[in-house]
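# Descriptive analysis of the structure
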Amino acid sequence: MAKAILAVDCGSTTTKAILFSDEGGWHLVSRGEAPTTVEAPFDNVMLGLYNAVRELEELTGREMLKGDSFLIPSMNGKGVDLFLATSSAGGGLQMLVMGVVKTMTAESAHRAALGAGAIVVDCIALDDGREDFQRIQRIREIRPDIILLAGGTDGGTITHVVSLAEMLSAAEPRARLGNLPIPVIYAGNRDAREEVKRILGDKFSVIITENIRPRLEVENLAPAREAIHELFLQHVMRQAPGYNFLMEATTHPIMSTPNAVGLMVQLLAKELGGNVLAVDIGGATTDVFSVFSQTYNRTVSANLGMSYSICNVMVEATIPLIQRWLPFDVDPKEIKNALRNKMIRPTTIPQTLKDLYIEQAVAREALRLALEHHKSLARSLVGVQRERTVGDLFVQTTGGETLIDMSKVDMIIGSGGVLSHAPNRAQAALMMIDAFQPAGTTYLAVDSIFMMPHLGVLSSVLPDVAEEIFWRDCVVPLGSLIAPIGSIKEGEVAVSIEGKENLGEVRFGEVRVFPLKEEGEFIIKPHRALDLGEGKGKEVVRKLRGGLVGLIVDCRGRPLQIPSQEEKRKEWLRRTYQAFSLPLPGDTR
């Protein structure tokens, strides 16, 4: 039985090494960090990894390296029993996906690639609005690690998917890493397999797997994802500088970072038996993971981030939408300059409270946009014919509805610097509430030190240990949220709450935060026009967990009723900040 586990995550910027130990129960011992060295002038991922592990050795006093070799297994207080690794260094796993119809096979291929932890650099479809020569030019420009080609249902026509294969053959893109042929995973109409192999076999390494849409109403993503995982290890990783040695050193296969986080989210949703939403907002990209009704989805918004991509958020969201989260006057030029400075100096941190709130206002918009993107991809299959019942007579649906229902999310986990390292945990809670607008009752938490990749790869080996450490050291509980759906006149009683103690009434337009550290049972009665997930005016009984922030009762309406008049809006925000005991610029408290 393992007693000490070393897990590392080789990120684009830094490599994080974490030591877990089984002394008095599994727990985090310490964490070392060093710049990643996969790119020039170092060109060897192991240099940064050694630096991170050596820092960990200094912090823990435990020897884990002897020269360049890892001490495995542990003996006499030295070495570790398991050495696990995840990686997104060097741009992560970059894929091109292709399908016949944009909203059908191409969308399924897109979901398969994202769920496997890839960054999708483009999605080519025959109805994507581009001419053939433009598609070929685009395929030549990008240099993907892997290509996923899908199209057609089994037994259907092969003409269209074959034309995609011919287009790919004509483009003949070059691999991003190394000189080996690019792997092409074919996951389309089974009747076209031989023809696709004939067209692409000389130029690409063709891997055949099961059709991701064998029938219109069936999506079969698992075989394609398995093929992507296998190729990530055997093809992509071996081409990256230093990874050959890392693959030999680890005790289990290396996993892509987003895939590891996704595994942890799925494990958590299984344990809770509910719906989970997790977000990782980074400097360049924002990943959103969800499990709703046992369906896992992941999306990456490659243009939304808090440093390198912060100006993209400004352009996409626009300055007025950023300003609406600021409880003070600020010149739009000042916001633009602050964000441009952040983009060219990505490691700087806000120096004043005003700067901090501007950054957190941008984070709200980045999170909101990332969730909108996630909703657009995490949806039911398009083009499926459904059996309708009497109850459906007045509901016209054609498929393609989003699976994400914020009134049914049981837990939201935030990760990334702006959330995990917010100076006050209440700020992290408020950013997620404003951006996602969860409704009903929801539990909020943040990842303490971005440990979910390490625990995700650990969960593939020892799921019980990963779960134990997750609850003990990874997740920082913020508390539970009560937020009724709907709108009534401001000042009317929105909800009344009874628990061990009578918490009283909260009026519409207000936010109240009650101290709550442990779990407690509450009877919540909403106004007859408001809904807590059981129907308008229906009382609900919920067991709610506490946290560092407490029990948050948000009666500002769903959707949020932000005052349009400028002074009222600022006053509305000031009251919200005061409810969370957050300071305002100019406060002398």
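See the structure printed just above.
Below, the structure is looked at part by part. Bear in mind the structure is a predicted one, so any value in this text is a computation, not a measurement.

### Considerations on the packing of aromatic side chains
Evaluated as defined, the whole model comprises 4 aromatic pairs. Members of the aromatic cluster, joined through ring pairs, are Tyr50, Phe70 and Phe83. Its guanidinium or amino end placed over the ring of tyrosine 443, arginine 545 lies 5.2 Å from that ring's centre, counting from NZ or CZ.

### Some details on the side chain of threonine 209
Mapped onto the elements, threonine 209 comes out in the loop between strand E11 (205–208) and helix H6 (222–239). Classification of threonine 209 by relative accessible area gives buried; the value is 12%. Not counting the four nearest positions on each side in its chain, threonine 209 is found in contact with Ile185, Tyr186, Ala187, Arg193, Pro223 and Ala224.

### Quick word on the sheet that holds strand E12 (residues 255–256)
With respect to topology, 5 strands assemble into an open sheet ordered E3-E2-E1-E6-E12, the strand pairing being mixed. Each edge of the open sheet is held by one strand with a lone partner, namely strand E3 (27–35) and E12. Bridging between strand E6 (residues 82–87) and E12 involves 2 bridges; their strand directions are parallel. Among the inter-strand pairings, serine 87 is bridged to a residue of E12, identified as serine 256.

### Regarding helix H3 (residues 132–141)
Inspection of H3 places Arg135, Ile136 and Ile139 among the buried residues, and these make up the whole buried set. All buried residues of H3 project into a common sector of 100° when viewed along the axis, lining one side. Structural note: H3 exposes Phe133 and Glu141 on the side pointing more than 90 degrees away from its buried face. Against the buried residues of H3 lie strand E7 (94–99), strand E8 (119–125) and helix H4 (159–171).

### Considerations on the packing of helix H8 (residues 257–272) against helix H15 (residues 452–459)
Between H8 and H15, the shortest axis-to-axis distance is 7 Å and the interhelical angle comes to 70°. In terms of orientation, H8 and H15 fall into the roughly perpendicular class. Two secondary-structure elements touch here, H8 through Thr257, Ala260, Val261, Leu263, Met264, Val265 and Leu267 and H15 through Met452, Pro453, Leu455, Gly456, Val457 and Ser459. Residue composition of the contact of H8 with H15, by class: 10 nonpolar, 3 polar and no charged.

### What about the sheet that holds E7?
Ordered by their spatial adjacency, 5 strands build an open sheet running E8-E7-E9-E10-E11, and the pairing between neighbours is parallel. Every other strand in the sheet has two partners, leaving E8 and E11 as the edge strands with one partner each. Strand-to-strand twist in this sheet, taken as the mean axis angle between neighbours without regard to direction, amounts to 20°. Across the sheet, H3 touches E7 and E8, and the angle it forms with E8 is around 160°. Against the sheet, H6 engages E7, strand E9 (146–149), strand E10 (183–186) and E11, with an angle of about 170° to E10.

### Some thoughts on the environment of phenylalanine 450
Residue placement: phenylalanine 450 occurs in the loop between strand E17 (440–447) and H15. Under the relative-accessibility criterion, phenylalanine 450 is labelled buried at 18%. Once the C-alpha coordinates of phenylalanine 450 and valine 495 are considered, the two residues, 45 residues apart in sequence, prove to be 36 Å apart.

### Some words on the pairing of strand E18 (residues 475–483)
Every regular strand shows the same layout, with side chains that alternate between the two sheet faces. Taken across its 9 residues, E18 has 8 buried, putting it largely inside the fold. Note that E17 and E18 share 8 bridges and pair antiparallel. Counted as the bridge partner of threonine 441 is isoleucine 482 from E18. Pairing of E18 with strand E24 (residues 550–554) involves 4 bridges; the strand directions are parallel. Across the sheet, leucine 481 pairs through a bridge with isoleucine 552, a residue of E24.

### Some points on the pattern of salt bridges
Going through the model one piece at a time under the given rule, you end up with 36 salt bridges. Aspartate 154 serves as the salt-bridge partner of arginine 190, at 3.9 Å between the closest nitrogen and oxygen. Remark: aspartate 154 occurs in the loop between E9 and H4 and arginine 190 occurs in the loop between E10 and helix H5 (193–200); sequence separation between them is 36 residues. Across the pair glutamate 534 and arginine 542 runs a salt bridge, and its minimum N-O distance is 3.2 Å. For glutamate 534, a relative accessible area of 43% translates into the label partly exposed. With a relative accessible area of 24%, arginine 542 lands in the partly exposed category.

### What about the side chain of asparagine 189?
Inspection of the secondary structure puts asparagine 189 in the loop between E10 and H5. Classification of asparagine 189 by relative accessible area gives buried; the value is 0%. Polar contacts involving the side chain of asparagine 189 include one to the main-chain carbonyl oxygen of threonine 157, which spans 3.3 Å. Ignoring sequence-local partners within four residues, the contact set of asparagine 189 consists of Gly151, Gly152, Thr153, Asp154, Gly155, Gly156, Thr157, Ile158 and Asn211.

### A few points about the nonpolar core
If you look at the biggest cluster of nonpolar residues, it comprises 64 residues, and the most contacted ones within it are Leu339, Leu419, Phe436, Ile552 and Phe580. If one sorts the elements of this core by residue count, helix H12 (residues 353–377) sits on top with 11 residues. Beyond its immediate chain neighbours, meaning those up to four positions away, phenylalanine 436 contacts Leu277, Val279, Leu367, Leu371, Met406 and Ile412.

Rules behind the numbers
- Residues numbered from 1 in each chain as written.
- Predicted model: local features only at pLDDT ≥ 70, side-chain atom pairs only at ≥ 80, totals over all residues.
- Heavy atoms only, no water.
- Phe/Tyr/Trp six-rings, centres within 6.5 Å; stacked < 30°, edge-to-face > 60°.
- Lys NZ or Arg CZ within 6 Å of the ring centre and 35° of its normal.
- Helix = DSSP H or I, 4+ residues; strand = E, 2+ residues; numbered from the N terminus.
- Buried < 20%, exposed > 50% of the residue type's maximum accessible area, 1.4 Å probe, protein only.
- Contact = heavy atoms within 4.5 Å.
- Pairing = 2+ DSSP bridges.
- Arc of directions from axis to C-beta.
- Axes fitted to C-alpha atoms, helices over the stretch in contact; angles between N-to-C directions.
- Parallel < 35°, antiparallel > 145°, perpendicular 65-115°, else oblique.
- Nonpolar A, V, L, I, M, F, W, Y, C, P; charged D, E, K, R; others polar.
- Salt bridge = Lys/Arg side-chain N within 4 Å of Asp/Glu carboxyl O.
- Polar contact = N/O pair within 3.5 Å; in protein donor to acceptor, adjacent residues only side chain to side chain.
- Core = buried A, V, L, I, M, F, W, Y, C linked by side-chain atoms within 4.5 Å.

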